[in-house]
Structure formats: structure tokens, C-alpha cells
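Residue-level structure breakdown
The residues making up each chain are set out below.
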Amino acid sequence: MAFDPRPEYVYKNVEIPVKEFHEYHDEYVTRPAYQRKVVWDKNQQQSLLESLFMRYFIPGIVIREVRLTDTNTIREVIDGQQRIITVQRFFSNQLELPASERLAEIDPRLPSSKYRNLPAEIRRFVDRYFKYEATIIQNLDEPLNDNHRKTASDIFWRLQQGESLNSMEKAHSRISSLVRNFLVKFAGDYDFDYESYGEVNPNPHRHIFFVSTRPRTNSRMQHLALLGRFLLLERADGPASIGDAQIASLIEKTQKEDGIGNLSFEEEPVAKATLLNLNRFHKVFHDDPSLEEDRYEVGIPALKNEYFTISCYLLIRHLWQHYAVTEEVRLLVRDFAHAFFNRTDGVEAEDNNARDFVENSQQDSAAIAERDQIIRHEFFTFAKEHDQDIITKDSRRAFNEAERIAIYHRDRKRCQKCIEEGKPDKECIVPWEQFEADHVLPHSQGGQTILENGQVLCRIHNRSKGATV
């Protein structure tokens with residue numbers, strides 16, 4: 001009996017005219033959920049076009065047939081996204097041929113020409129004879145079959161092992177990982193709709209921090225990596241090793257059988273804490289003057305360096321946990337970030353703290369802990385120099401049972417906000433099971449958990465009050 005394992009899928013090799021990717025672009029999903037964003041620059045794209053005209057060898061692309069209905073299929077590009085997007089841009093006249101001497105030797109009309117400007121005989125030659133070799137994978141064609149999708153993403157992952165992709169780009173292909181899905185949803189430039197089986201661009205779920213606070217390029221998954229680093233800091237409750245290897249490991253460990261399209265990780269306490277602190281980070285800088293100078297391609301100058309941004313994240317996290325962050329304190333944090341960044345951006349010889357901060361720019365736990373101590377020290381020194389008091393929060397957040405009873409009877413069971421609104425006395429009464437003991441001066445603003453700072457509120461008023469007085 002011969003050894004002959006049953007193949008998981010079958011494939012066929014074909015040649016596809018490159019113009020087909022332009023004329024029938026809606027038949028191709030060029031960026032599946034596990035693919036990275038376009039990273040080829042103009043020079044790389046023009047080099048590919050030159051290779052086509054020079055008749056040089058171009059590696060084949062890999063495509064998966066996906067059956068949407070009994071009569072309709074779509075082709076999912078597993079490998080070859082950059083090669084396809086390049087010819088799509090060329091045929092749509094968004095990309096011209098390079099100003100190349102080698103192209104001029106073939107025909108002087110070629111260099112710097114767009115497709116529409118080429119003579120008819122050259123366009124006809126391009127249309128007929130420029131082809132990509134392609135491997136079409138079949139029998140993995142069910143769009144909602146988790147095993148089929150996992151196998152397709154695994155093919156992509158294996159094809160990239162010899163490529164110059166960074167660890168985050170490779171980890172991005174692990175579409176059954178709950179952490180990967182979390183990072184893509186809140187930091188990715190685009191999303192993927194599995195129901196319609198197509199790309200969603202731009203990503204409507206992308207966190208405002210990555211949209212306006214630090215909207216730097218995400219061409220090599222930098223935003224996903226940064227959100228992953230914040231996640232690791234929350235997971236460790238402070239400084240930790242947060243390199244790409246640690247993020248990739250967390251992504252691998254959270255792969256699940258039902259992981260594709262699974263967004264349940266965002267309900268985890270560590271995920272909620274990360275998003276909460278990103279909201280606070282954005283709140284600090286949302287009205288930064290530099291954002292009014294049309295600098296969105298660069299973002300806020302003080303946040304251009306990742307290691308500085310990470311230290312700001314830890315500072316903001318620490319302040320919101322332990323201190324009353326008033327509007328004055330928020331503005332102080334924003335001004336301090338700019339002032340301290342200017343010191344680190346051009347370190348003077350006698351500025352020891354700024355120098356030590358810069359010299360500890362690595363992503364290991366020791367370096368991050370050192371930076372955390374320095375930036376905290378510098379912030380509180382900055383606050384003192386600006387005569388700003390930073391009030392410590394009461395270490396006890398909630399009223400105990402005895403205090404709740406005392407407040408309830410002292411206020412005669414009446415919601416104090418209902419009384420202020422002039423409601424009839426009977427409507428102001430709050431049943432014990434619906435009573436909530438509220439801080440008159442919010443705990444987040446330094447309000448103490450003592451009887452004198454407590455009051456009866458109904459649930460509606462307590463929920464609507466938030467952190468306001």
C-alpha cells in the first residue's frame with residue numbers, strides 16, 4: 001500500500017493578463033483580513049512595471065477561490081497584493097512608467113509615460129502579453145468556514161516566512177487570535193466585513209487616539225504594535241517588556257477555534273483599561289495647538305517618538321489612578337509633555353535626567369521603569385514650578401455600609417438632584433434598593449469618601465452626573 005496522504009486542498013497554475021486586475025477589480029479581494037496594508041512606495045511600483053517591460057522573471061501570485069453563492073465566486077489574493085495594486089494603478093493612470101534609460105533603449109516613448117499616453121500598438125501589446133503566473137487554490141472556497149479561512153491565512157503566513165516582514169506584519173495574519181482582532185479593530189487603518197466578504201476602508205472603529213492624537217503612518221503595523229504595547233503595560237499593571245516578540249507571543253497564545261471575527265477580547269478588563277486610558281490620553285491632547293497647524297501627517301510633535309509616547313501613557317495612567325485630574329491638571333500635563341520633549345529632543349550636557357531618559361529608550365521592563373520614574377519626577381517638579389497643586393485621591397473609593405445608611409437617613413431618603421429640580425416630594429423618595437451614595441465633589445477630582453461629601457442620588461441622576469460636581 002503506497003503512502004499517499006489526502007491533500008487538504010487542490011490547486012491549478014494559470015496565467016492571468018495583468019489588465020484583468022484593473023478591468024475586473026471587483027472580482028478580486030486584494031486585501032483579505034490577514035493581509036497587511038500597502039507598503040510599496042512609488043519607486044518599488046515603478047521597478048515592477050519596468051520588470052514587466054523588460055520581460056524579467058516575476059514571482060507568481062497565489063489566489064484562493066471563494067464561493068459566495070452557487071453561481072458566483074470571488075478571488076481572494078493570498079500573496080501578490082503589491083503586484084496587483086501596482087498594475088491597477090498603472091491602468092487607471094495613477095502611476096507612470098519610470099524615467100528609465102533601459103526603457104528608452106526598448107522604445108523612447110516608454111519612459112515617464114502613463115498607460116493612456118502610450119501609442120496604440122504598445123497598449124495592445126501590454127493588454128495581450130503582460131501576464132502574471134498564478135496558483136489558484138480550490139476546495140477552500142467556503143467564505144464562512146473557519147477551517148478554510150484559517151488554512152488560507154496559514155498559507156499566507158508560511159509564504160511570508162522568507163520575506164522581509166516584521167513580526168507584527170506576520171502576527172497580523174493570525175486572524176483566529178482574539179488579541180490580533182482587538183488590535184486590528186482599534187488601531188488598524190481598515191477593517192474586514194466577513195458577511196459581504198470585503199475590505200472596509202477606512203476603519204470606522206479605529207480609536208480617536210490613532211486618528212488625531214498620534215496619526216502617524218501605519219504602513220508597517222506601527223499602530224497595532226503601539227496598541228499592543230499599551231495592552232502589555234495594562235496586563236502587567238505597570239512597566240514590562242513590551243517588544244514585538246512579546247506582542248507576537250500574546251497574539252499566538254490567544255488563538256481560538258472560533259477566533260475568526262471574534263471580538264470578545266474587548267470585554268476583558270485589560271482591554272477595557274487600555275481603551276479607557278487611550279481616551280484619557282486623547283483628552284489631554286485633543287485641543288493641542290499643534291493640531292491646528294495642519295500637521296496631521298506628522299501628528300503632535302511631542303509624540304513623534306514611540307518611547308516618549310509610551311512614557312506619557314504611563315504618566316497619564318498613573319495620574320488618573322491616584323490623583324484628582326482637574327482641567328488645570330490636564331492642561332499642565334499637556335504643557336509638560338511639550339516642555340520635557342523639547343529637553344529630550346535636544347539634550348544638553350548638564351541635563352542629566354533628560355539624558356538618562358533618552359539613553360533608556362529601549363522596550364525592556366528595566367528601561368521603561370527607569371523612564372517612568374524620571375518622567376514622574378520631572379512632572380511633579382514642573383507642577384511645583386507652576387504653583388499647581390496635585391491633589392491625591394482618597395484611597396477609599398466607595399462608602400461602606402454604615403456610611404451608606406447614615407447618608408440615606410440624613411438626606412431623608414430623598415434624591416438631592418430631584419429636590420433641586422423641584423419635583424414633588426413623593427417623586428424625590430428613593431427606595432433603598434435603588435439608592436446610590438454619591439460623592440458631592442467627585443472622587444476623581446479629589447473628593448473624599450466621608451459623610452460630609454456624600455449625598456443620596458437616584459440611579460438616573462448618579463449615572464448622568466459622571467465626574468461633574
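What comes next concerns the included structure. (Residues numbered from 1 in each chain as written. Predicted model: local features only at pLDDT ≥ 70, side-chain atom pairs only at ≥ 80, totals over all residues. Heavy atoms only, no water.)

Here's the deal with the environment of Lys150
- With respect to the helices, strands and loops of the structure, Lys150 is situated in helix 6 (residues 146-159).
- Using a relative accessible area of 18% as the deciding quantity, one classes Lys150 as buried.
- The spatial distance from the C-alpha of Lys150 to the C-alpha of Ser173 is 9.5 Å, given a sequence separation of 23 residues. (Helix = DSSP H or I, 4+ residues; strand = E, 2+ residues; numbered from the N terminus. Buried < 20%, exposed > 50% of the residue type's maximum accessible area, 1.4 Å probe, protein only.)

Notes on the environment of Arg376
- Checked against the element boundaries, Arg376 lands in helix 16 (residues 365-385).
- With 58 residues separating them in the primary sequence, Arg376 and His318 have C-alpha atoms 8.9 Å apart.
- The residues contacting Arg376, other than those within four sequence positions of it, are Leu315 and His318. (Contact = heavy atoms within 4.5 Å.)

Looking at the nonpolar core
- Phe182 and Leu183 are the most contacted members of the largest nonpolar core, which totals 64 residues.
- Of all the elements, helix 13 (residues 306-322) adds the most residues to this core, at 10 residues.
- With residues near it in sequence (within four places) discarded, Leu183 still touches Met168, Gly188, Leu224, Leu227, Gly228, Ile247 and Ile251.
- Judged by nonpolar contacts, the second largest core, of 28 residues, contains Phe53, Ile84, Phe91 and Ala134. (Core = buried A, V, L, I, M, F, W, Y, C linked by side-chain atoms within 4.5 Å.)

A closer look at the packing of helix 12 (residues 269-285) against helix 14 (residues 327-345)
- In the contact formed by helix 12 and helix 14, the axes pass within 8 Å of each other and the chain directions differ by 80°. By the angle class used here, helix 12 and helix 14 are roughly perpendicular. Residues Lys283, Val284 and Phe285 of helix 12 lie in contact with helix 14, whose contacting residues are Arg330, Val333, Arg334 and Ala337.
- The class makeup of the residues in the contact of helix 12 with helix 14 is 4 nonpolar, no polar and 3 charged. (Axes fitted to C-alpha atoms, helices over the stretch in contact; angles between N-to-C directions. Parallel < 35°, antiparallel > 145°, perpendicular 65-115°, else oblique. Nonpolar A, V, L, I, M, F, W, Y, C, P; charged D, E, K, R; others polar.)

Quick word on the packing of aromatic side chains
- The full count for this structure, using the stated rule, is 29 aromatic pairs.
- Each ring, one from Phe21 and one from Tyr28, has its centre 4.8 Å from the other, and the planes form 55°; the classification is tilted. As far as the burial class goes, Phe21 and Tyr28 line up, both buried.
- Both rings, one in Phe192 and one in Tyr197, keep their centres 5.2 Å apart while their planes meet at 90°; by these two values the pair is edge-to-face. (Phe/Tyr/Trp six-rings, centres within 6.5 Å; stacked < 30°, edge-to-face > 60°.)

Brief notes about the pattern of salt bridges
- A complete count under the given rule lists 32 salt bridges for this structure.
- For Arg174, the salt bridge goes to Glu252, with nearest N and O atoms at 3.1 Å. Of this pair, Arg174 sits in the loop between helix 7 (167-171) and helix 8 (178-187) while Glu252 is found in helix 11 (residues 244-253), placing the two residues 78 residues apart along the sequence.
- Overall, the relative accessible area of 35% leaves Glu252 in the partly exposed class.
- The salt bridge partner of Asp425 is Arg414, with a shortest N-O separation of 2.6 Å. Of this pair, Asp425 sits in helix 19 (residues 425-428) while Arg414 sits in the loop between helix 17 (401-410) and helix 18 (416-420); the two residues are 11 residues apart in sequence, bridging distant segments of the chain. (Salt bridge = Lys/Arg side-chain N within 4 Å of Asp/Glu carboxyl O.)

Here's the deal with the side chain of Lys19
- Relative to the helices and strands, Lys19 resides in the loop between strand 1 (10-17) and helix 1 (20-23).
- Since its relative accessible area comes to 17%, Lys19 is described here as buried.
- Here the side chain of Lys19 touches Tyr115 through a polar contact of 3.0 Å, side chain to side chain.
- If near-sequence neighbours (up to four positions away) are discounted, Lys19 is found in contact with Phe91, Tyr115 and Asp127. (Polar contact = N/O pair within 3.5 Å; in protein donor to acceptor, adjacent residues only side chain to side chain.)

Purely geometric numbers; function is a separate question.
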